[in-house]
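If you want the building blocks of each chain, they are given just below.
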Amino acid sequence: MTLPARLRTHTIQVEPYQGTGARGPVFGTAVPVTCRVEEKVQLVRSDTGEEAVSSSMVFCDLDVVIPVESRVTVNGRVTSVLTVATFDTAGRSRLEHKEVFLA
């Protein structure tokens, strides 16, 4: 299932993180993602267990692929993904989604 269209009012550009090359991080081609963005500063724990400050939270559909460390352009600002939380109810709820926390 997907988030209702009325909740997906923003579009961000995601350049998926693909790994590290000889010159640093390697990113894929930018992909537009329809989502909901909330500008909210909060403390989160990254996938490595470190505490980090997130400035924005993005709500998107479960089928959207946004790896940690991806580069994201939101509201004209380029930032990176700190961590991703998945809320999957095996189809029992219309509100299945991913929460993507941005630096």
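Look a little higher up for the structure.
A short tour of the structure in this document, coming up. As the structure is a computational prediction, the values presented were derived from the model and not from experiment.

### Section: the environment of Arg36
Thinking step 1. Tracing the backbone shows Arg36 in strand S4 (residues 31-45).
Thinking step 2. We classify Arg36 as partly exposed; its relative accessible area is 30%.
Thinking step 3. In this structure, the C-alpha to C-alpha distance between Arg36 and Ile12, residues 24 residues apart in sequence, is 9.1 Å.
Thinking step 4. Those residues in contact with Arg36 that sit more than four places away from it in its chain are Leu7, Arg8, Thr9, His10, Met57, Val58 and Phe59.

### Focus: the environment of Thr48
Thinking step 1. In this structure, Thr48 sits in the loop between S4 and strand S5 (51-60).
Thinking step 2. Considered as a pair, Thr48 and Thr83 are 35 residues apart in the sequence and their alpha carbons are 9.2 Å apart.

### Some points on the packing of aromatic side chains
Think of a pair of aromatic rings as described by two things: how far the centres are apart, and how the planes are tilted against each other in angle.
Thinking step 1. Applying the stated criterion across every chain, the model contains one aromatic pair.
Thinking step 2. Here the aromatic rings of Tyr17 and Phe27 are separated by 6.1 Å at their centres, their planes lie at 65 degrees, and the arrangement is edge-to-face. On the criterion of sequence distance, the pair formed by Tyr17 in strand S2 (residues 17-21) and Phe27 in strand S3 (residues 24-27) is long-range, its members being 10 residues apart.
Thinking step 3. When its relative accessible area of 21% is taken as the criterion, Tyr17 is described as partly exposed.
Thinking step 4. Residue Phe27 is classed as partly exposed on the basis of its relative accessible area of 23%.

### Notes on unusual backbone geometry
Thinking step 1. A positive phi angle is found at Glu69, which is not glycine, with a value near 80 degrees.
Thinking step 2. Mapped onto the secondary structure, Glu69 falls in the loop between S5 and strand S6 (71-74).
Thinking step 3. Since its relative accessible area comes to 44%, Glu69 is described here as partly exposed.
Thinking step 4. With a phi angle near 55 degrees, Asn75 is a residue other than glycine that sits in the positive phi range.
Thinking step 5. With respect to the helices, strands and loops of the structure, Asn75 is situated in the loop between S6 and strand S7 (77-87).

### Comments concerning the pattern of salt bridges
Thinking step 1. Counted according to the given criterion, the structure contains five salt bridges.
Thinking step 2. Between Arg8 and Asp61 there is a salt bridge whose closest N-O contact spans 4.0 Å. Here Arg8 is found in the segment before strand S1 (10-15), whereas its partner Asp61 is found in the loop between S5 and S6, with 53 residues between them in sequence.
Thinking step 3. The partly exposed category is assigned to Arg8, whose relative accessible area is 23%.
Thinking step 4. Among the residues examined, Asp61 registers a relative accessible area of 9% and is labelled buried.
Thinking step 5. Put simply, Arg36 and Glu38 hold a salt bridge, and the shortest N to O gap is 3.9 Å.
Thinking step 6. Judged by relative accessible area, Glu38 falls into the partly exposed class, the value being 29%.

Definitions and limits used
Residues numbered from 1 in each chain as written. Predicted model: local features only at pLDDT ≥ 70, side-chain atom pairs only at ≥ 80, totals over all residues. Heavy atoms only, no water. Helix = DSSP H or I, 4+ residues; strand = E, 2+ residues; numbered from the N terminus. Buried < 20%, exposed > 50% of the residue type's maximum accessible area, 1.4 Å probe, protein only. Contact = heavy atoms within 4.5 Å. Phe/Tyr/Trp six-rings, centres within 6.5 Å; stacked < 30°, edge-to-face > 60°. Salt bridge = Lys/Arg side-chain N within 4 Å of Asp/Glu carboxyl O.

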